[in-house]
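What follows is the residue order along each chain.
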Amino acid sequence: MKHTHSFMLWAILAVLLPLQITQATAPPTELQKRLQNLPDISDIKPMQSDAYPEKYVFFINQLLDPHHPEAGNFKQRVILSHVGFDRPTVLVTEGYAAHYATHPRYQEELSKLFNANLVFVEYRYFGESMPKPCNWDYLTVENSLYDLHHVTTTLKQLYDQKWIATGISKGGQTTMFYRTYFPDDVDISVPYVAPLNKSLEDGRHEPFIANKVSTPENRKRVENFQLEVLKRKNQLLPMFEKYCSDKGYTFRIPIAEVYDFNVLEYSFALWQWGTPVNKIPETDADDHTLFKHFMAICEPDYFSEQSPYPSFNVQAAKELGYYGYDIKPFKKYLTIKSSRNYLHKVMLPPELSNLKFDKTLYNKVVKFLKENDPEMIYIYGGNDPWTASGVTWLKNKKNIKVYVLPGGSHTTRIGSFDTDTQEEIKTQINAWLNKE
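Residues numbered from 1 in each chain as written. Predicted model: local features only at pLDDT ≥ 70, side-chain atom pairs only at ≥ 80, totals over all residues. Heavy atoms only, no water.

**Student:** Mind showing me how you'd approach the layout of surface pockets here?
**Tutor:** Which parts of space are left empty comes out when a probe the size of a water molecule is rolled across the atoms. Put simply, the largest pocket is a space of about 860 Å³. Residue lining of the largest pocket: 38 residues in total, with Tyr96, Ser169, Gln272, Trp273 and Tyr309 positioned closest to the centre. Breaking the lining of the largest pocket down by element, the ones donating at least two residues are β4 (89–93), β6 (163–168), α5 (170–181), α9 (255–273), α10 (287–297) and α11 (310–320). It is α9 that contributes the most residues to the lining of the largest pocket, four residues altogether. Mapping the lining of the largest pocket onto the domain boundaries places at least three of its residues in each of domain 1 (30–196 + 359–434) and domain 2 (204–352). Looking at the second largest pocket, its volume works out to about 320 Å³. At the level of elements, α6 (205–212), α7 (216–231) and α9 are the ones that each hand at least two residues to the lining of the second largest pocket. With six residues, α7 is the single largest residue contributor to the lining of the second largest pocket. Tallied by class, residues from the lining of the second largest pocket come to 10 nonpolar, three polar and five charged. (1 Å grid on protein atoms, 1.4 Å probe; cavity = no way out; pocket = protein on both sides within 12 Å on 5 of 7 lines; lining within 4 Å. Points joined across faces, edges and corners; volume = space filled by probe spheres on them. Helix = DSSP H or I, 4+ residues; strand = E, 2+ residues; numbered from the N terminus. Domains from an automatic or database assignment. Nonpolar A, V, L, I, M, F, W, Y, C, P; charged D, E, K, R; others polar.)

**Student:** Is there a simple way to think about the pairing of strand β2 (residues 54–63) in this case?
**Tutor:** Taken across its 10 residues, β2 has eight buried, putting it largely inside the fold. Pairing between strand β1 (residues 41–46) and β2: four bridges, direction antiparallel. Looking at the pairing, Lys45 lines up with Val57 of β2. For β2 and strand β3 (residues 73–82), the ladder comprises 10 bridges, and the chain directions are antiparallel. Following the sheet pairing, Tyr56 is matched in β3 by Leu80. (Buried < 20%, exposed > 50% of the residue type's maximum accessible area, 1.4 Å probe, protein only. Pairing = 2+ DSSP bridges.)

It is worth stressing that arrangement in space is one thing and function is another; only the former is reported here.
Right under this line is the structure:
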């Protein structure tokens with residue numbers, strides 16, 4: 001009896017197996033065939049997508065230094081979501097890692113609005129696009145733009161309709177820089193919430209947070225919370241220290257100083273992400289309530305040696321610039337004497353402490369935007385501190401348009417605006433897409 005049972009099992013398997021084999025080796029699609037024939041592209045793998053008929057991840061071979069090919073190569077991760085060869089293509093100039101774009105539900109706003117293909121490029125030195133060994137000398141904005149240029153020129157062999165570059169935050173900066181260095185690579189650029197900082201501590205963010213953001217009452221409420229957390233430092237610092245040690249964070253400065261920086265960072269973080277001010281506990285709340293809210297808004301890993309953004313900190317110090325802190329309202333409660341140069345002291349590894357800020361990139365972009373008028377739409381949030389160093393000063397351009405959403409945060413997108421403004425933006429982009 002046993003034998004017949006196993007024989008029947010084999011008979012069923014013999015019928016099932018060929019089916020499985022044929023499914024596993026489905027004939028390659030037209031897109032797969034074309035991708036495989038492109039130079040420098042390898043490791044093509046299909047991915048699941050709820051939003052696009054076909055989606056692939058692959059790697060493209062890039063020069064570490066395009067001006068010195070002898071420096072060697074690295075592989076950069078690209079995610080391609082395909083709608084059709086006759087459709088426009090959206091290029092996401094991501095500023096960080098590409099992990100979130102691998103999710104089956106991921107769909108980018110412009111790609112959805114204009115039924116476009118999506119080419120998503122992970123930034124060099126992030127995620128799976130980290131060169132080995134990691135030599136920081138090659139992490140420059142200009143080199144990252146040559147990466148994009150190579151991706152675009154390669155994939156234009158597949159997609160010959162109009163191209164739109166877009167990115168969010170550091171990715172939005174990258175969109176703006178890409179247009180400056182390679183003005184003809186794409187037809188339209190849409191940077192979201194992209195600052196253009198003129199120095200390591202730009203100087204425009206502190207007065208913006210102190211005087212411009214939201215309402216005077218709301219600004220006061222934020223400052224009062226910061227003061228309260230400082231006044232209770234004796235009670236809260238041990239909780240802070242335990243919190244950090246439980247999470248395994250270590251720091252380059254004493255914990256009492258980390259606490260101060262975390263308090264200074266609080267207002268920037270709260271306004272950047274648009275946390276409603278009514279979520280801030282009253283100043284007479286108990287220690288636990290205050291502490292829980294403080295950690296929810298301002299996670300101290302940002303200042304830790306375990307920070308997820310070492311590559312970003314290096315770039316901020318070298319050429320992207322950053323913001324400073326205004327310590328005046330808090331001075332009598334702080335352990336630190338000054339917050340100047342905190343990025344070097346707190347956030348950079350000691351071997352990089354000699355990095356000097358280079359203003360070349362800032363000057364080049366300002367000059368380009370003043371002298372040219374490419375088809376660009378800038379999106380900003382009115383309460384986002386990064387808007388303080390945005391290009392909101394650009395006026396009287398026929399093509400470049402700047403939209404600032406009143407009360408908007410760093411999460412502001414086209415879909416955040418009122419219907420009329422959304423229509424205006426979409427109509428404008430459509431006109432550019434249909435222009436001969």
